[in-house]
Amino acid sequence: SPKLAAAKHQDEAAVKKNLCVKAAKEHSIPQDLNKVLENKVMETVLGLSHVKLSVVERTCSGDADSEGIVSKSVSSHSDLIPGVYEGGLKIWECTFDLMDYLSEAEIEFTNKTVLDLGCGAGLLGIVALQGEAARVHFQDYNSTVIDEITLPNVVANCISEGRSGKDRKTSKPPSKRARKAESSPDVLSRCRFFSGEWSQVSQLLSNCKPCSKYDIILTSETIYNPDYYSALHDTLAQLLDGNGRVYLASKVHYFGVGGGVCLFEKFIEDKNVFRTSLVKTIDQGLQRCIMEISFK
């Protein structure tokens, strides 16, 4: 009957929706930090060490990529597979825009609690660490990204010379045969790593004792898909400290996906929880912006 068919369709839609909600989990930091960098080829950008992503794509398989996102991304020639892989294998240009802005605006991280939301390579959180943040938490949709890219990058920069923000441009990448990571534990004790969908991660963090609230949330290239705006908005509302600030870097418009700055600003305005201001516009290539978000 039509009613039964409609009910079946709703059930299938609910199942499909639930499949897209990736459960949150916290990733432990291995005791042997040198193993984290084993077989990793490092390169540098803006003075920060990071895993060479093309090598990860060639070598990451089996247990190291239980989600299968590397093979799926390569075989589909796509940097984005909604609900499966959300772009964390690549360092997107807006990350560099936000790194530049944080330096130009002299954003103060000392003793602050910071969340790198949708962290990918984790470069924004590493900048906060080098700025003497008290706590830095890293989140990405995919667990493979956290284990194979984010965590190695954080470890590599912990054992690099010149860890402070002032010395960032002269810091050297670690050798493939890593030096003893003697200075790493004190830095890594300020870090936690999470994977999963935003609403799930938000719930996990909210249940932590004491409940995590962040002075600063850094996020880049996370408003490309309007379907995710509600989860992103609710996550920011739940995790940002009352006097905190969100710094969001984005392209003005994401062709083919539909998201962008104007659409997200309108979404924020309709919710009437936050105020937004565009603090920087970059006109080279595709127009890009840095947005500051705070509670009304």
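What you are looking at is a predicted structure, and each value in this text was computed from that prediction instead of being measured.

Asks: Is there a simple way to explain the sheet that holds strand β10 (residues 288-295) in this structure?
Replies: The strands making up a sheet associate through hydrogen bonds between their backbones, and the pairing can be parallel or antiparallel. If you walk across this open sheet you meet the eight strands as β1-β6-β5-β4-β7-β8-β10-β9, and the pairing is mixed. Both outer strands of the open sheet, β1 (25-27) and β9 (274-282), are each paired with one neighbouring strand and no more. Adjacent strand axes in the sheet meet at a mean angle of 20°, parallel and antiparallel pairs treated alike. Judged from the four bridges that link them, strand β4 (residues 113-117) and strand β7 (residues 214-220) form a sheet pairing that is parallel. If you follow L117 over to β7, its bridge partner there is T219. Taken strand by strand, helix α6 (residues 123-130) contacts β4, β5 (135-140), β6 (191-195) and β7, and its axis lies near 175° from that of β5. Helix α9 (residues 198-206) rests against β1, β4, β5, β6 and β7 of the sheet, and its axis sits at about 140° to β6.

Asks: What exactly am I supposed to notice about the packing of aromatic side chains here?
Replies: Think of a pair of aromatic rings as described by two things: how far the centres are apart, and how the planes are tilted against each other in angle. The tally for this structure, following the rule as stated, stands at eight aromatic pairs. Seen in terms of ring centroids, Y229 and F267 are 5.8 Å apart; in terms of plane orientation they differ by 70°. Their pairing is edge-to-face. Residue Y229 is found in helix α10 (residues 229-239), and its partner F267 is found in helix α11 (residues 261-271); the two are separated by 38 residues along the sequence. For F267, a relative accessible area of 22% translates into the label partly exposed. Residue placement shows K90 over the ring face of W92; its charged tip is 4.4 Å from the ring centre.

Asks: What is the right way to look at the layout of surface pockets in this model?
Replies: One way to see where empty space is left: roll a probe the size of a water molecule over the atoms. Empty space within the largest pocket amounts to approximately 870 Å³. Around the largest pocket, the lining comprises 45 residues; the ones closest to its centre are L80, E86, W198, Y224 and Y228. Those elements that provide at least two residues to the lining of the largest pocket are β4, α6, β5 and β7. Ranked by residues supplied to the lining of the largest pocket, first place goes to β7 with three residues. Broken down by class, the residue content of the lining of the largest pocket amounts to 21 nonpolar, 14 polar and 10 charged.

Asks: Would you explain the pairing of strand β3 (residues 48-51) in this entry?
Replies: For a regular strand, side-chain orientation follows a simple rule: the groups alternate between the two sheet faces. By the alternation rule, side chains of β3 split into L48 and H50 and S49 and V51, which are all buried. Two elements, strand β2 (residues 42-45) and β3, share four bridges in a ladder whose sense is antiparallel. Residue pairing for β3: M42 is matched across the bridge by V51.

Asks: So what exactly am I meant to see when it comes to the pattern of salt bridges here?
Replies: For side chains bearing opposite charge, pairing can occur when the charged atoms are close. Scanning the entire structure with this criterion turns up 10 salt bridges. Linking K22 and E67 is a salt bridge whose minimum nitrogen-to-oxygen distance equals 3.3 Å. Within this pair, whereas K22 is found in the loop between α1 (2-19) and β1, its partner E67 is found in the loop between α3 (53-59) and α4 (69-76), the two being separated by 45 residues in sequence. Between E93 and R288 there is a salt bridge, with its nearest N and O atoms 3.6 Å apart. One end of the pair, E93, is in helix α5 (residues 93-104); the other, R288, is in strand β10, with 195 residues separating them in the sequence. Beyond isolated ion pairs, a larger network of salt bridges with shared partners links E93, D97, E221, K251 and R288.

The rules behind each value
- Residues numbered from 1 in each chain as written.
- Predicted model: local features only at pLDDT ≥ 70, side-chain atom pairs only at ≥ 80, totals over all residues.
- Heavy atoms only, no water.
- Pairing = 2+ DSSP bridges.
- Helix = DSSP H or I, 4+ residues; strand = E, 2+ residues; numbered from the N terminus.
- Axes fitted to C-alpha atoms, helices over the stretch in contact; angles between N-to-C directions.
- Contact = heavy atoms within 4.5 Å.
- Phe/Tyr/Trp six-rings, centres within 6.5 Å; stacked < 30°, edge-to-face > 60°.
- Buried < 20%, exposed > 50% of the residue type's maximum accessible area, 1.4 Å probe, protein only.
- Lys NZ or Arg CZ within 6 Å of the ring centre and 35° of its normal.
- 1 Å grid on protein atoms, 1.4 Å probe; cavity = no way out; pocket = protein on both sides within 12 Å on 5 of 7 lines; lining within 4 Å.
- Points joined across faces, edges and corners; volume = space filled by probe spheres on them.
- Nonpolar A, V, L, I, M, F, W, Y, C, P; charged D, E, K, R; others polar.
- Salt bridge = Lys/Arg side-chain N within 4 Å of Asp/Glu carboxyl O.

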